[in-house]
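Letter by letter, the chains look like this.
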Amino acid sequence: MLRVKRISCFYCGTCVAICPRANLELIDSYLFIGKDCAECGICAGVCPVGALEVLNEEQI
Ligand code: SF4
Ligand code: SF4
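Residues numbered from 1 in each chain as written. Chains lettered and ligands numbered in written order. Predicted model: local features only at pLDDT ≥ 70, side-chain atom pairs only at ≥ 80, totals over all residues. Heavy atoms only, no water.

(A) Main features of the site of ligand 2. Every one of the 13 residues lining ligand 2 counts as a neighbour, but Cys9, Cys12, Gly13, Cys15 and Cys47 are closest to it. Split into classes, the residues belonging to the shell around ligand 2 amount to 11 nonpolar, two polar and no charged. (Near = heavy atom within 4 Å. Nonpolar A, V, L, I, M, F, W, Y, C, P; charged D, E, K, R; others polar.)

(B) Just the side chain of asparagine 23, in detail. Relative to the assigned elements, asparagine 23 resides in the loop between α1 (14-18) and β2 (24-27). Taking the relative accessible area as the measure of exposure, asparagine 23 reaches 7% and is therefore buried. With near-sequence residues (within four places) excluded, asparagine 23 lies in contact with Phe32, Ile33, Gly34, Lys35, Asp36 and Cys37. (Helix = DSSP H or I, 4+ residues; strand = E, 2+ residues; numbered from the N terminus. Buried < 20%, exposed > 50% of the residue type's maximum accessible area, 1.4 Å probe, protein only. Contact = heavy atoms within 4.5 Å.)

(C) Spotlight on the pattern of salt bridges. By the definition in use, this model includes two salt bridges. Residue arginine 3 is joined to glutamate 53 by a salt bridge in which the shortest nitrogen-to-oxygen separation is 2.5 Å. Placement of the pair is arginine 3 in strand β1 (residues 2-4) and glutamate 53 in strand β4 (residues 52-54), with a sequence separation of 50 residues. Given the relative accessible area of 39%, arginine 3 is considered partly exposed. Here glutamate 53 falls in the partly exposed class, since its relative accessible area comes to 24%. Its salt-bridge partner being arginine 21, residue aspartate 36 comes within 3.2 Å of it at the nearest N-O pair. Pair noted here: aspartate 36 is in the loop between β3 (30-33) and α2 (42-46) and arginine 21 is in the loop between α1 and β2, with a separation of 15 residues, a long-range link. Among the residues examined, aspartate 36 registers a relative accessible area of 39% and is labelled partly exposed. Judged by its relative accessible area of 42%, arginine 21 falls in the partly exposed class. (Salt bridge = Lys/Arg side-chain N within 4 Å of Asp/Glu carboxyl O.)

(D) Representation of unusual backbone geometry. Here the phi dihedral of alanine 22 falls at roughly 50 degrees; this positive angle occurs in a residue that is not glycine. Within the fold, alanine 22 resides in the loop between α1 and β2.

Here it is in structure tokens:
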């Protein structure tokens, strides 16, 4: 499961652009996470402020 720390996200769009599944969408100042996430972690790796993290089942 992908989680976004909304307090950290500043809507730069880097994660949106890099997601291979086009699962992220930025509308105004809100990052939407779709239902097609592969939990690959690529978006989390590029977020400049560490606002994204892939949680395993034990962390949910
Ligand atoms: S974890 Fe991978 S598939 Fe899921 S939103 Fe991020 S880049 Fe896209
Ligand atoms: S890369 Fe990080 S700061 Fe930029 S829109 Fe995505 S979650 Fe927000």
